[in-house]
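This is what each chain is made of:
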Amino acid sequence: MKKVSILLLMAVAFVAMTGFNNTCSAQAEEDEVQLFQTMYGMEKRSLISEAMELSGDHEKAFWPVYEQFEKERRAVGKERIALIKEYMDTYTSATDEQLDAIATKAFANESAFTKLETSYYDKMKKVTSSGIAFRWLQVERYLNTSIRAAIQDELPFMPNEK
């Protein structure tokens, strides 16, 4: 778990350095998303590998499913980052309708992520075992919860007058 903590510290530092402010250009935002997902993806793979401790047939079966999951997770993650950017761009002046739209998209994004995890838990279980699939889910959720908490720490609350 020390290695997991190091990744989380790196992610928190990245979030703190880049922030989620609305002064970035569209290209800078895209670069930020790409950098974050690349950094997270590369480090995450080694953390998953260490946490899973797979060998033999299970290892051979696990990684192709995991890689496909990561590809789909990045798409859902990119949508989540776009929602954060949308919130940051509008939170001080957003209308009720804009806030409702952001909330609705956030709920849909959360549902999409849960559906993705559910689907890949079943796929992992099918090619490995329930124990391996469950361990993967534990590590996945631990990492995602920690990263999301770090991001949430950087987001401002809605002004009181809203």
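Rules used in this analysis
Residues numbered from 1 in each chain as written. Predicted model: local features only at pLDDT ≥ 70, side-chain atom pairs only at ≥ 80, totals over all residues. Heavy atoms only, no water. Helix = DSSP H or I, 4+ residues; strand = E, 2+ residues; numbered from the N terminus. Buried < 20%, exposed > 50% of the residue type's maximum accessible area, 1.4 Å probe, protein only. Contact = heavy atoms within 4.5 Å. Areas by Shrake-Rupley, 256 points an atom, 1.4 Å probe, with all protein chains shown as cover. pLDDT = per-residue confidence, 0-100. Core = buried A, V, L, I, M, F, W, Y, C linked by side-chain atoms within 4.5 Å.

1. So, the overall build of the protein
A count of helical and extended segments in the protein gives five helices and zero strands. Mapped in sequence order, the helices and strands of the protein form the string α-α-α-α-α. Relative to its full complement of 162 residues, the protein shows a buried share of 39%. Expressed as a percentage of contacts within the protein between residues at least 6 apart in sequence, the contacts between residues at least 24 apart total 77%. When the accessible surface of the protein is split by element, carbon and sulfur atoms take 56% of a total near 9,500 Å².

2. Let's talk about the confidence of the model for the protein
Averaged over every residue, the pLDDT of the protein is 81; residues scoring 70 or more account for 73%. Across the protein, the element-wise mean pLDDT spans from 48 in helix α1 (residues 2–18) up to 96 in helix α4 (residues 96–127). Of the regions scoring below 50 in pLDDT, residues 12–18 engages in 13 contacts with residues more than four places distant in sequence or in other chains. Low pLDDT, under 50, characterises residues 20–26; the predicted model gives this stretch 13 contacts beyond four residues in sequence or across chains.

3. What to know about the nonpolar core
Core analysis: the largest hydrophobic core is formed by 22 residues, its most contacted members being Ile 48, Met 52, Phe 62, Tyr 66, Tyr 120, Met 124 and Trp 136. If you list the elements that add at least two residues to this core, you get α2 (26–52), α3 (56–90), α4 and α5 (130–154). Other than its neighbours up to four places away in sequence, Tyr 66 contacts Lys 44, Arg 45, Ile 48, Met 124 and Trp 136. One finds Ile 84, Tyr 91, Ile 151 and Leu 155 within the second-largest nonpolar core, a separate group that totals seven residues.

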